[in-house]
Structure formats: C-alpha cells, structure tokens
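# Geometric and topological summary
Here are the chains, one letter per residue:
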Amino acid sequence: MLGRQGLPFRGSDEGQDSTNRGNFLACMELLKEFDPFLQKYNPSSNATYISPTSQNEMIECCAQEVNSVIVSEMTKSKMYAIMADDARSEQLAVCSIANELQQQIQNSGLAELKCVAQRYDGAAVMSGSTGGVQVHFRRLHPEAIYVHCYAHELNLVLCHTCRAVSEAVELFNLLECVYSFFSTSRVNHHKFEEAQSKLGLTAVELVQLSNTRWACQLRSINAILETLPAIFECLSAIGSPIAVGLRAKLYKFSTVYSLLMFQILLSVTEGLHKFLQKETLNLAESFISKQAICDTLRGKRTDVFATELYERTKALYHTHSIPEPDAKNRCKQRKMEDFVLESTLGSGTELISSHTLTTELLSPCVDRMVSELEQRFSSVDAGLLKGIQACSPKSQNFLSESHLDELPKHYSINLKKRGGSGGQKLPCPQNRGWMSIY
C-alpha cells in the first residue's frame, strides 16, 4: 500500500516515545488492532522484523517484483526505452554513467532487446551532443534516440526569449520589484489589500516569479493587470522614493504594452506547457502541438495584431487615467528610476510609437520564441520524425507509406509489404497493418 501510494516507510524518529514513528510502523499498529494473529504475536527483541534494515529489505523485495513485471512486458514487446535521473551524475565520469546503464540492462536480461529511446534531463553531462551520456550510450545502442523533457525545453524557450530582449528583462525585473515591495512589508501588503477592497476588486495576491516554472510569469502578469488600480493607488498614497520610482516605471507606455503582449504570448504557450505534461503524450503529438503553437505565434506578427495590441494599450491607459507620454516628458525621473530599481540598463528612451514597439519589442519576442521552439524541439532526426508522425491519426501524413519507410530504416527492421503503392496514403482501417516484421 505504501509503495502504491508513493509514501515513505521510515520516520525521522522511530523510538518508542516518538509521536510520529513513520508510515510503516503506523500501518503495523493499525493492522494490529484488527488482526488476531498480530494481537497475540510477541516476538523477541532481536527478531521483530520491523527495524530499518528489515524495512529496507521489504522495499528491495517490492522493487524486484516491480522490475520483474516491467522486464516481462519489455520481453514481450521486444523493445524498450530508458529514463535515468542524473541527480548525482555531476560527480561521475560520463563513461561511467553510460557503462552503469549498460550493466543494469545486462543484469535485467535485456541485452538482446532493442533500445529505441533514452531520456535524461538537460544537464550537459547527460545531453551533450558530442560528449554526453546520450552519445556514449548510442554507440552501444545506435537506434536509441535521445529525447529531452519537452516541458522543460519550453521553459528554456521562454527564459532565453526574455533574456534576449532588453525590454523583456526590464519588465520582469519590475514585476519582481513590485512583488517584493508589497510582500516583504506587512504594512504595504495591508494597504494593498485595503485598496483592492475599497475599489471593489476581487482580492488577488501578487505572484513571485520563477526561473524554472514559467507558468508563474503568466500568473504574475495576470495578477498585476487585475490589481493595477489598487497598485497605482497604493504607490501614490505611500509616496516613498521606492514607491514613486515603481509607479513611474509602471506608468511607462512600453511597460503596459509589454504586460498585455506577454499576457497574450504566454497564454499561447501555457496551453502547450500543460499538454506536454500529459502522461499519455507521445512524441508525434508533441511535435504536432509544437507546430500549431509556432503557427499561432507567427500569426501575432501581423500588422493587424500589432495595431490591436497598441489600441488595447491606449485603452488601458485611458481606463486608469495614466497621462500619455510625449517627447517633452518621456525622460523625466531618469535618475529616480535607476536608483529605485537598481537596474544596470538605465532608463533609456521610452518606446512610444506603434511602429517602434512592433519592431523593437513585439517582433523580436515572437521571432525569438518561434526560433527557440524550432531549435529545441528538433533533437530527433527529421526523417525519423516523419515516420513517427505518420503513426499518429492526428497527423496529415497518417499512414503515408513514404513517411513510414523511415521507421524500419532507423531501427534496422526487415519488413514485408502487404499492399499499397509507394508514397500513397492508406486511409482504410483494413490497411493499417500495411507492413509486418518477418
């Protein structure tokens, strides 16, 4: 039961006087209340079989049973894939890790089976294209394609995009400063809550940013936009140098424009992020979804969308009675802004016109996101990927014979065709088994 639920056996203190002796001993005590045998059982002190050593032996027995079932399934399918965690691999040589994986395969009796794929995280020691573990492992198993966690890859896409555009860096630095201003001071946080209540807003907490979970960035932007009137009122009422500087930054036209822009762009990728975490997801579906996201993002690079975004920004300015910037006052409070945010970027010249915002902010962000998506989701050979996609009913090339031919080429499988002409799609259900292994 503990193993099935993924619960730990041991407790931090398993002594007789401990109030929490761990899940295993707690289960034994619960069973004892209902089991007549356990109620009468009185073992000697040196043979209780509930010591940490005995618990570890039970865990090992359970692991062996689970492994035997998995190996049996692999043997029946005649192929398998491996997934390894490199939590301690930084301390090991690359060759040692690859050799250890191979040893485990031999010990499990899988040496004669075909390894079709391998998956680790993105650490260079594991994923390196020239000297990583995946390269050394492919020398022993040439068919084992390397697949990185695509949900993690998507995080890297967004992270690198925002690092490459200076205005994006400045925006997320500002969001973190606003969060810190209202969260580290109980007085400021209380005033923020009062302002929301006074303005009739739904109570919303600001969200801290995260470099590894980009869903936090979208939640942070949504929270800022939902509570923007309360934030402006609080910063004006507090009036400290930091508050004045933060309000000046939030008043910038490019800041409001960036908030709305990233809310839209991150909402597009948020759907892909959730989709990539599905347990039933396969490689073909992930690439089809990635391509759909890329097409959607490219659609945001049009003049129509740029104009719509610019008008939405102006409307938000008018809603909150923010004075629109002009050439005479756009560089005011430059010294205060630098002092408050401790930014190495400086104030610079504010982006105001629709054309400038499009060419220097919207288009670079969209282009970088699409480029990163195409690059980071291309670890699988293009020909093999076509073959994998042809196995998915969702693909336009489903059961295309010319595409499916790539699979036996990669995995060195001898096939005998039952029917159909080269390069033709075979849509009929009775033709779905168009080839067989012999």
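As the structure is a computational prediction, the values presented were derived from the model and not from experiment. Sequence order as written defines the numbering, with residues in each chain counted from 1. Restriction of local features to residues with pLDDT of at least 70 applies here, the model being predicted, together with a cutoff of 80 or more for giving and counting side-chain atom pairs; totals for whole chains, interfaces and linings are based on all residues. With hydrogens and water set aside, each side-chain value is computed from the structure's full complement of heavy atoms.

## Some thoughts on the overall build of the protein chain
Under the convention used in this document: Only runs of H or I of at least four residues qualify as helices and only runs of E of at least two qualify as strands under DSSP, and these elements are numbered from the N terminus. Burial classification: accessible surface area is computed with a 1.4 Å probe over protein chains only, and a residue below 20% of its type maximum counts as buried, one above 50% as exposed, and the rest as partly exposed. Whether two residues are in contact is decided by their heavy atoms, any of which lying within 4.5 Å being enough.
In terms of regular secondary structure, the protein chain is built from 21 helices and five strands. Within the span of the protein chain, comprising 438 residues, buried residues form 42% of the whole. Long-range pairs, those at least 24 residues apart, make up 68% of the contacts in the protein chain with a sequence separation of at least 6.

## So, the sheet that holds strand E3 (residues 145–146)
Threshold: Being paired, for any two strands, means DSSP has found at least two bridges between them.
Pairing in this open sheet of three strands is parallel, and the strands run E1-E2-E3 from one edge to the other. The open sheet is flanked by strand E1 (79–83) and E3, the only strands paired with a single partner.

## Considering the pairing of strand E2 (residues 114–119)
In terms of strand pairing, E1 meets E2 through five bridges, oriented parallel. Among the inter-strand pairings, Tyr-80 is bridged to a residue of E2, identified as Cys-115. Two strands pair when backbone bridges link them, and E2 and E3 are joined in this way by two bridges, in the parallel orientation. Paired with Gln-118 across the bridge in E3 is Tyr-146.

## Focus: the packing of helix H10 (residues 186–198) against helix H12 (residues 228–238)
The packing of two helices is summarised by the inter-axis angle and the distance between the axes. Inclusion rule: Helix axes are fitted to C-alpha atoms over the stretch in contact, other axes to C-alpha atoms as well, and angles between N-to-C directions run from 0 to 180 degrees. Convention used here: angles under 35 degrees read as roughly parallel, angles over 145 as roughly antiparallel, angles from 65 to 115 as roughly perpendicular, and any remaining angle as oblique. Crossing handedness follows the turn of the near helix against the far one: under a right angle anticlockwise gives a left-handed crossing, and clockwise gives a right-handed one.
Two elements in contact, H10 and H12, have axes separated by 9 Å at closest approach and are oriented at 130°. One finds that H10 runs oblique with respect to H12. Where H10 crosses over H12, the handedness of that crossing is right-handed. Counted together, Asn-188, Lys-191, Phe-192, Ala-195, Gln-196 and Lys-198 of H10 and Ala-230, Ile-231, Glu-233, Cys-234 and Ile-238 of H12 form the full contact between these two elements.

## Focus on a nonpolar patch on the surface
The condition that has to hold: The patches described consist of residues with a relative accessible area above 30% and no salt bridge, like charges being joined within 9 Å and nonpolar side chains (Val, Leu, Ile, Met, Phe, Trp, Tyr) within 5 Å. Working definition of accessibility: Shrake-Rupley area with a 1.4 Å probe, residue cover restricted to the visible protein chains. Whenever Lys or Arg places a side-chain nitrogen within 4 Å of a carboxyl oxygen from Asp or Glu, that contact is recorded as a salt bridge.
On the surface, Phe-37, Tyr-41 and Tyr-49 cluster together to form a nonpolar patch covering roughly 370 Å² of accessible area. Tracing the backbone shows Tyr-49 in the loop between helix H3 (36–40) and helix H4 (52–77). Judged by its relative accessible area of 55%, Tyr-49 is exposed.

## Let's talk about the side chain of Ser-400
Stated formally: By the criterion applied in these results, polar contacts are pairs of N or O atoms within 3.5 Å in which, for protein atoms, one can donate a hydrogen and the other can accept it, and in which residues neighboring in sequence qualify only through two side-chain atoms.
Relative to the elements of secondary structure, Ser-400 occurs in the loop between helix H19 (382–389) and helix H20 (401–404). For Ser-400, the side chain forms a polar contact with the side chain of Ser-402, separated by 3.3 Å.

## Observations regarding the state of the cysteines
Keep this limit in mind: Cysteine sulfur atoms are paired as a disulfide whenever they fall within 2.5 Å.
The final tally for this structure, using the stated rule, is zero disulfides. In this structure Cys-61 is a free cysteine whose sulfur lies 7.0 Å from that of Cys-62, the closest cysteine sulfur available. In this structure Cys-61 comes out as partly exposed when scored by relative accessible area, which is 46%.

## Concerning the packing of helix H16 (residues 303–319) against helix H18 (residues 354–376)
Rule in force here: Under the scheme applied here, ten amino acids are nonpolar (Ala, Val, Leu, Ile, Met, Phe, Trp, Tyr, Cys and Pro), four are charged (Asp, Glu, Lys and Arg), and all others, including Gly, are polar.
At a minimum axis distance of 10 Å, the contact between H16 and H18 shows a crossing angle of 110°. When the axis of H16 is compared with that of H18, the two are roughly perpendicular. The chirality of how H16 crosses H18 is right-handed. Contacts between H16 and H18 involve Phe-305, Ala-306, Leu-309 and Tyr-310 from the former and Ser-354, Leu-357, Thr-358 and Leu-362 from the latter. A per-class count over the contact of H16 with H18 returns six nonpolar, two polar and no charged.

## Side note on unusual backbone geometry
If you check the backbone angles, Lys-78 has positive phi at about 65° while not being a glycine. Considering the arrangement of structural elements, one finds Lys-78 in the loop between H4 and E1. Judged by its relative accessible area of 59%, Lys-78 is exposed. Even without glycine at this site, Ser-321 takes up a positive phi of about 55°. As for its position among the elements, Ser-321 is in the loop between H16 and helix H17 (334–341). Judged by its relative accessible area of 61%, Ser-321 falls in the exposed class.

## Here we look at the packing of aromatic side chains
Cut-off, in case you're wondering: Each aromatic pair joins two rings of Phe, Tyr and Trp (for Trp, the six-membered one) with centres within 6.5 Å, and gets the label stacked for planes under 30 degrees apart, edge-to-face for over 60, and tilted for any other angle.
A complete count under the given rule lists nine aromatic pairs for this structure. On the basis of an interplanar angle of 35° and a centroid distance of 5.0 Å, the ring pair of Phe-182 and Phe-192 is categorised as tilted. On the criterion of sequence distance, the pair formed by Phe-182 in helix H9 (residues 166–183) and Phe-192 in helix H10 is long-range, its members being ten residues apart. For the pair Phe-182 and Phe-192, a shared accessibility class is recorded, and that class is buried.

## Structural notes on H9
As a reminder, the rule being used: Every helix has an expected span of 1.5 Å times one less than the residues it contains.
Between its first and last C-alpha atoms H9 spans 26 Å; for 18 residues at 1.5 Å apiece the expected length is 26 Å, and the two agree. Within the sequence span of H9, burial applies to Ala-168, Glu-170, Leu-171, Phe-172, Leu-174, Leu-175, Val-178, Tyr-179, Phe-181 and Phe-182.

## A closer look at the confidence of the model for the protein chain
Our working rule: Residue-level confidence of the predictor is summarised by pLDDT, bounded by 0 at the bottom and 100 at the top.
Of all residues in the protein chain, 85% have pLDDT values of 70 or greater, and the mean over the chain is 80. Here residues 420–438 is a poorly scored stretch, pLDDT under 50, and it has 42 contacts once near neighbours within four places are set aside; other chains count.

## Observations regarding the side chain of Ser-289
Within the fold, Ser-289 resides in helix H15 (residues 283–298). A residue is classified by how much of its surface remains accessible, and Ser-289, at 18% relative accessible area, is buried.

## Some points on the pattern of salt bridges
Across all of its chains, the model carries nine salt bridges by this definition. Residue Lys-249 pairs with Glu-170 through a salt bridge whose shortest N-O separation is 2.6 Å. Of this pair, Lys-249 sits in helix H13 (residues 241–251) while Glu-170 sits in helix H9, and the two are 79 residues apart along the sequence. One continuous salt-bridge network, built from bridges that share partners, spans Lys-290, Asp-295, Arg-298 and Glu-374.

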